[in-house]
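Spelled out, the chains give:
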Amino acid sequence: ELPPSEFMQVADSTWLVLSVVSNGREPSGCQATGVTKIARSVIAPLAEHHVSVLMLSTYQTDFILVRERDLPVVIHTLAGEFDIYKEEGGECVPVTCDDVSNGFLKPKQAASPTLHPVQSPQTRFCVLTVAPDTLPAIATMLIDVLFYSHSPPREDGSTSQDLDSITFFAFSLIEGYISIVMDAETQKRFPSDLLLTSSTGELWRMVRIGGQPLGFDECGIVAQIAEPLAAADISAYYISTFNFDHALVPEDGIAEVIQLLQQRQESGR
């Protein structure tokens, strides 16, 4: 429904959403450990089979987006570990490898993925949710933050390797559930009684992946972060975007995370 515009870029791929559930149920509450839990079972195998993924963590759960044309490879890769269902008319229908075997080609062995630079700004972030019926009370402020309060990108397109701060605000509304990521300073602008967070109220630090826009044809970007964090059992809240990937980790663990990722970079050279 959006009118064509010279200011809007649209990727040529159509994406499908994978939601990983346990015993047929969506997890409840803040599930910021989701990327860590599914790194070995989903993200790593898909990277090995050269499937590009987008990752979207929310306050409630985690979603993996795959290109529609990659679905046969995805099904064949994950069918050994998971029961796979597709949604038809609101009902979940089992999917088997036979259902998508037409045209399936065994993927070629993927080349070693590129290890992209990782930056860690000093900004502290909050992961929050809002009750849907209170959303109108903060709508004006949301619009201001989303569209009017950010700084324009630098004209030369350069970024510092050690960023002091980063402008980042993420808002998602999925099946009635709202999830927001904002920096701690921006949070102060909102009514505190309307923003809900975990009982610990912990703050998060970010690692941003990529020194330039990554595109969608490369695989293993999510795995670059998810696998070493999974091995160390470190929680992560992951958001892929059109240009960069971002992982949020608990503030008290940022030093260990940076060390792990630096070791991976050095071992990959």
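Where an unreviewed UniProt entry is consulted, the protein appears under the name Cytosolic arginine sensor for mTORC1 subunit 1, with the organism given as Chordeiles acutipennis. Taken from UniProt, the Subunit (unreviewed entry) comment for the protein reads in full: "Forms homodimers and heterodimers with CASTOR2. Interacts with the GATOR2 complex which is composed of MIOS, SEC13, SEH1L, WDR24 and WDR59; the interaction is negatively regulated by arginine. Interacts with TM4SF5; the interaction is positively regulated by leucine and is negatively regulated by arginine." According to the UniProt record, the Subcellular location (unreviewed entry) comment for the protein reads "Cytoplasm, Cytosol".

### What about the pairing of strand 7 (residues 124-128)?
Burial of strand 7 is extensive: 4 of the 5 residues sit out of reach of the surface. As paired elements, strand 7 and strand 10 (residues 204-209) share 2 bridges and run antiparallel to each other. For F125, the partnering residue across the bridge sits in strand 10 and is W204. Bridging between strand 7 and strand 9 (residues 177-183) involves 4 bridges; their strand directions are antiparallel. The residue of strand 9 that forms the bridge with F125 is D183.

### Some points on the packing of aromatic side chains
Applying the stated rule across the entire model yields 1 aromatic pair. Taking the centre distance of 6.1 Å and the plane angle of 85° together, the rings of F125 and F168 count as edge-to-face. Taken together, the positions of F125 in strand 7 and F168 in the loop between helix 3 (135-147) and strand 8 (170-174) put the pair 43 residues apart, joining distant regions of the chain. Summarising the burial analysis for this pair, F125 and F168 share the class buried. Above the ring of F244, the side-chain terminus of R208 is found at 4.3 Å from the ring centroid.

### Details of the nonpolar core
One finds I43, L46, M55, I225 and Y238 to be the most contacted residues of the largest nonpolar core, which totals 36 residues. Elements represented by at least two residues in this core include exactly helix 1 (34-48), strand 2 (53-57), strand 3 (62-67), helix 2 (71-78), strand 10, helix 5 (221-231), strand 12 (245-250) and helix 6 (254-267). Each of two domains, domain 1 (15-94) and domain 2 (118-150 + 157-268), supplies a minimum of three residues to this core. Beyond its immediate chain neighbours, meaning those up to four positions away, I43 contacts V35, I38, M55, V222, A223 and A226. In this structure, L128, I138, L142 and M182 belong to the second largest nonpolar core, which totals 14 residues.

### Details of the confidence of the model for the protein
Taken as a whole, the protein shows an average pLDDT of 81; of its residues, 81% reach a score of 70 or greater. At the low end of the mean pLDDT range in the protein sits helix 1, at 82; at the high end sits strand 9, at 94. In this model, residues 27-32 is a region of pLDDT below 50 whose contacts with residues beyond four sequence positions or in other chains number 14 contacts.

### Comments concerning the packing of helix 5 against helix 6
Their axes nearest at 10 Å, the elements helix 5 and helix 6 cross at an angle of 120°. Between helix 5 and helix 6, the crossing angle belongs to the class labelled oblique. For the pair helix 5 and helix 6, the sense of crossing is right-handed. Judged by residue contacts, A223, Q224, I225, E227, P228 and L229 of helix 5 engage V257, L260, L261, R264 and Q265 from helix 6.

Conventions and cut-offs
- Residues numbered from 1 in each chain as written.
- Predicted model: local features only at pLDDT ≥ 70, side-chain atom pairs only at ≥ 80, totals over all residues.
- Heavy atoms only, no water.
- UniProt positions renumbered as here; feature names shortened; annotations may be inferred.
- Buried < 20%, exposed > 50% of the residue type's maximum accessible area, 1.4 Å probe, protein only.
- Helix = DSSP H or I, 4+ residues; strand = E, 2+ residues; numbered from the N terminus.
- Pairing = 2+ DSSP bridges.
- Phe/Tyr/Trp six-rings, centres within 6.5 Å; stacked < 30°, edge-to-face > 60°.
- Lys NZ or Arg CZ within 6 Å of the ring centre and 35° of its normal.
- Core = buried A, V, L, I, M, F, W, Y, C linked by side-chain atoms within 4.5 Å.
- Domains from an automatic or database assignment.
- Contact = heavy atoms within 4.5 Å.
- pLDDT = per-residue confidence, 0-100.
- Axes fitted to C-alpha atoms, helices over the stretch in contact; angles between N-to-C directions.
- Parallel < 35°, antiparallel > 145°, perpendicular 65-115°, else oblique.
- Left-handed = near helix turned anticlockwise from the far one by under 90°.

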